[in-house]
Amino acid sequence: MRADRSRLHPVKSRAVALLWTLCLACATCNLSAAAQKVVVLGIDGMDPKLLQKFVEQGRMPNFKALMAEGDFRPLQTTMPPQSPVAWSTFMTGLDPGGHGIFDFIHVDPTKMAPYNSMAVAEAGGRPVNVGSWSFPTSGGGVRLLRKGKTFWQMLGERGLRSTIFRMPVNFPPVKAPGRSLSGMGTPDLIGSQGTFSFYTDHRKDWPAQISGGEIYEVTAISNRVNAQLHGPPNTFRRFPTKESLDLLEKGRAVSLDYDNPKMTQDFVVYLDPKARAAKLMIGDQELVLKEQEWSDWVHAEFKAIPHVITISSAVRFYLRQLSPKFELYVTPLQIDPEDPVMPISQPANWSKELCSELGRFYTHNIPEDAQAFKNGVLSAREFWDQMMLAYEERSRALDYLLKHPAEDFLFVYFGTVDQGSHMLWHFMDREHPGFVQDDVLQDGIPRLYEMLDGQLGHLRKMIGRDTALIVMSDHGFAPFYWEVNLNTWLLEQGYIVLKDPSKQESGEFFSNVDWSRTKAYAAGLNGLYVNLKGREKAGAVAARQEYEALLDQLEKALLAMKDPRNNRSPVSLVLRPRRDFKGPEKDKGPDILVGYSHGYRCSWESPLGEFPKAVFVDNHSAWSGDHCMDYRQVPGILVTNRRITSPAPALADLTVSLLQEFGIAPPSGLTGQDILEPKK
Amino acid sequence: MFEPKVKLDKALYEKLKMYSTIAGYSSVEEFVQHALEKEIKQFEGAESEDEIRQKLKGLGYIS
C-alpha cells in the first residue's frame, strides 16, 4: 500500500519534516568523510589507455565526471614498474636507491639465494630444549625491508592522523598516528606469498609439485574423507632429522639435529553424492557446501602447546567437485585478523576491530589466486568468482571506512584490476599466443574497470566538498606475448658457464652454475647482477675497471638483442641503479635493470635461476598481461578533482603533492615536485 | 684448489682428534665441518631450497 503524504495531519506533517531534517543531518554526519582533507583511491594496475577507452565507450561515468571536474594524466611509474617498487616510491617519495626495493625478488649474494624483497622473518633466540619440546628464550619476528619514511609518518609528525588500508610493502605496518592494515607483502600463516591446498582422490592427475600450492591425496571411504590443514612448523616441538639419524646409523656419535614438525588441523568431509553436496566438520564448526560453492571464512586453529599456545587462522573452502573425482580447494591459511599471530595492523587491535565490523577477510599478500588458475586448480570462471570474493571484502571495507571518517587522510587500495588484467588479458586480445574465445570473459577486464567506477561514484558521494580526491595507480598494463629466458641468453653469450652443460634444464637456484667462470647472472623479474668479487659468494669479476667495462658491454649487448623469430628488439631500456638512482640503497640492488619492450617480459623460469633451452618462447600461460617491462610502456593513472600542473606527473611528485595539501614542505631527498593546483 | 686453513689451539686440536675418533668420524675435518655447519645453521636459520621455493612461488610472476 502506498503512503499518501498529502493526507498527513499538518502538525504531524511538520513533525515528520523535522524528523526528516534531523535524519538527513545525522546521516550526513555519519556518512560523509568530510573530516578527511585528502582521500586517495589506489587502484593497482589501472592503465591510462584502457581507462580512456572505457570512458569514451561510456562505461565509466564517474571517472568521466571526475576528469571533467578536475584532471587526468598518465602517471609515470618507476623502473622497474613492479608494484613493490612503485608503491614504495609513492609512499616515500624516493627512487629505489632511496627505499631499497628493486624487485619482488632480491638475491643474497653471500648465499646466491633469492628472497622476498619486502619483509624478512627473523629467528628467535637460542631455545631451551626439554625432550621433544623447545622454548625460544626470545621471540623471533618479521622486519620490513623497505627504507625511507612514509608520507603518513611525515603527516603524523605534524599531528595529522591517517587511515592506510592495505598499502603494499607495509608489513609489518610502520607506526604512525592513525590506523593501518598491511597489504601486498604480508605472508600467509606458513610464511609464504600464498600457498593454497588442494585435496583430491585423483592425485595422479596432477604434477608432483605445483607452484603456489600443495596437492594432497585423500581417499573417500564410505563417503567420508579425512584430511588435514597443514600449518606452520611448531617451533615448540622438535624431532631428530633424518640426516642425523642416518649419521647415527653409520656409527657417528653425533649430537642430533632437529626439525620442527608441522602443525595440523584435522577436518572431515561427509559426501552426499545424491544431493551433490558435502558437510565439512572442522573443530567445532560444521558447514554444508554444494558442488562449486564457496564457504564463508572458517576459523582454524593450530595447537603449538595444547591448552597453552594456539595459533589462529582462517580459510575458505571451495568444493570444486564431488564425483567422479573429489576435488576440494582451500585458500592459503590466513593470518587471522581476529587474532593475528603476526603484526598486520597498527594499532595491533585494529584488524580485530575491522573484523568485528566486516567479518573475517583476506589478509595475505595478493588474495586473488592466480597460481591456482595458472595451474588449472581453478578454472577461469572459478578464478573470477574467487576474485569477486576478495573484491567484495574490499568494497565493504571502503564503505565502512567512509562511514567512519575519523582521520585527516584516507588511503584505500584495490588489487582487483591488477590481478584481473594479469589473468584475463588473453580473453580480450586476439593477437595473444594464448588467446581463448570466451564470450563472457572477453569483457572481464572492462567489467573490472566498471566495478571500480562504481566504487569511485560511491566515494564521490561520500566525501566532503573540500576534500582533495586522488585516484591513482602504480603502473599500467601491456600484453605479455613473449618470454625472454635472460639467464639462457647470458649463457649463450658466454657470461654464464655451467658445471655440466648436459644438464642445462635441470635444477633451479643456479645449482648448475660454475661461479668461478661466471661473469653475470639474472635474478628477479628485471634484475641482472655482476658476479662481483668481494660481494658474491664466489665472485669472478674485479671491482671498478673490470666491473664497469662489463656493464658497458652488457648494456650494449642487451640493447642489441634480437628475437630471431620476428626480428624485434626485446629490450628497449637498460638502467644502472648505481649510476641512475639516488640514495644510500642504490648499491644494494641489481647492477642492471632490464626494460623489456612491448609484448616481452622475463620468462617464468629465469627469475629463480633456471636455464630453459630456448631464449625466446611464446607465452601460453593464463597470466597473459603484465607490466614488468620498460617503464615507459606502462604508466599508471592520475585522476583528481584538482588541476594537474605538470604535463608528465610521476609517482614521486604525488608524494610531494600530498604533503603540500597539508601545507608540509617536503623533506630534502624527495625527488618530486608539487603537481596539484591548490583548491581555489 | 685453494683450501682455507684455520689455526686451532693445539690442546683443542688434540681433543678434536680424540673425540672425532670416539664419535666415529672418519677424520678431524669431517667432525669440525659437521660441528661448524650445525652452529652456523642456528644463526642463519638456514632455509632449504624447498623452503625458499615454497615461500617465493606463491608469487604469480614466476613459475
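Read on for a plain summary of the structure. As the structure is a computational prediction, the values presented were derived from the model and not from experiment.

Right, let's get into the overall build of chain B. For chain B, the helix and strand inventory stands at three helices and zero strands. For chain B, the residues scored as buried account for 21% of the 63 residues in total.

Another point: helix H7 (residues 242-249) of chain A. Counting buried residues along H7(A), only zero of its eight residues qualify, which leaves the element largely exposed. Once H7(A) finishes, A:Gly251 follows within two positions and takes phi at roughly 95°, a positive value.

Neighbouring strands of a sheet are bound in pairs by backbone hydrogen bonds; such pairs are parallel or else antiparallel. All names here are of chain A. Spatial strand order, E2-E37-E28-E1-E27-E9-E10-E26: eight strands in an open sheet with mixed pairing. The outermost strands of the open sheet, each flanked by one partner alone, are strand E2 (71-75) and strand E26 (345-346). The pairing of strand E1 (residues 38-43) with strand E27 (residues 409-414) spans six bridges and is classified as parallel. Bridge assignment links leucine 41 to a residue of E27, and that residue is valine 412.

Moving on to the environment of A:Glu393. Tracing the sequence through the fold places A:Glu393 in helix H10 (residues 380-403). You can call A:Glu393 partly exposed: it has 17 C-beta atoms within 10 Å.

Another point: the interface of chain B and chain A. Taken together, the contact pairs 20 residues of chain B with 32 residues of chain A. Among the elements of the structure, helix H2 (28-44) and helix H3 (49-56) of chain B are those that each provide at least two residues to the side of chain B that touches chain A. Grouping the constituent residues of the side of chain B that touches chain A by class yields eight nonpolar, eight polar and four charged.

Moving on, we get to helix H1 (residues 10-22) of chain B. Think of an α-helix as turning once every 3.6 residues; residues three or four places apart then point the same way. Over its 13 residues, H1(B) runs 19 Å from end to end, which matches the ideal 18 Å to within 8%, given 1.5 Å per residue. Backbone geometry just downstream of H1(B) places B:Gly24 in the positive-phi region, at approximately 90°.

Our focus in this paragraph is unusual backbone geometry. A negative phi holds for most residues other than glycine; trans holds for most peptide bonds. All names here are of chain A. Each neighbour pair has its own omega, and for methionine 79 with proline 80 the value is 0°, a cis peptide bond. Among the structural elements, proline 80 can be located in the loop between E2 and helix H4 (83-92). Despite not being glycine, serine 222 shows a phi value in the positive range, around 50°. Take serine 222: it is sitting in the loop between strand E13 (220-221) and strand E14 (224-233).

Thresholds, definitions, all that
- Going along each chain's sequence as written, the residues are numbered from 1 onward.
- Labels follow written order: the first chain is A, the first ligand is 1, and so on.
- Two thresholds apply to this predicted model, a pLDDT of at least 70 for residue-level local features and 80 or more for giving and counting side-chain atom pairs, whereas whole-chain, interface and lining totals are computed over all residues.
- Going along the chain from the N terminus, every DSSP run of H or I of four or more residues is numbered as a helix, and every run of E of two or more is numbered as a strand.
- Around each residue's C-beta, the other C-beta atoms within 10 Å are counted; 20 or more make the residue buried, 12 or fewer make it exposed, and counts in between make it partly exposed. All C-beta atoms are placed from the backbone.
- Strand pairing requires that DSSP identify at least two bridges connecting the strands.
- Here, residue contact means that the backbone-derived C-beta atoms of the two residues sit within 7 Å.
- Under this grouping Gly is polar, as are all residues other than the nonpolar Ala, Val, Leu, Ile, Met, Phe, Trp, Tyr, Cys and Pro and the charged Asp, Glu, Lys and Arg.
- By definition here, a helix of n residues has an expected span of 1.5 Å times n minus one.

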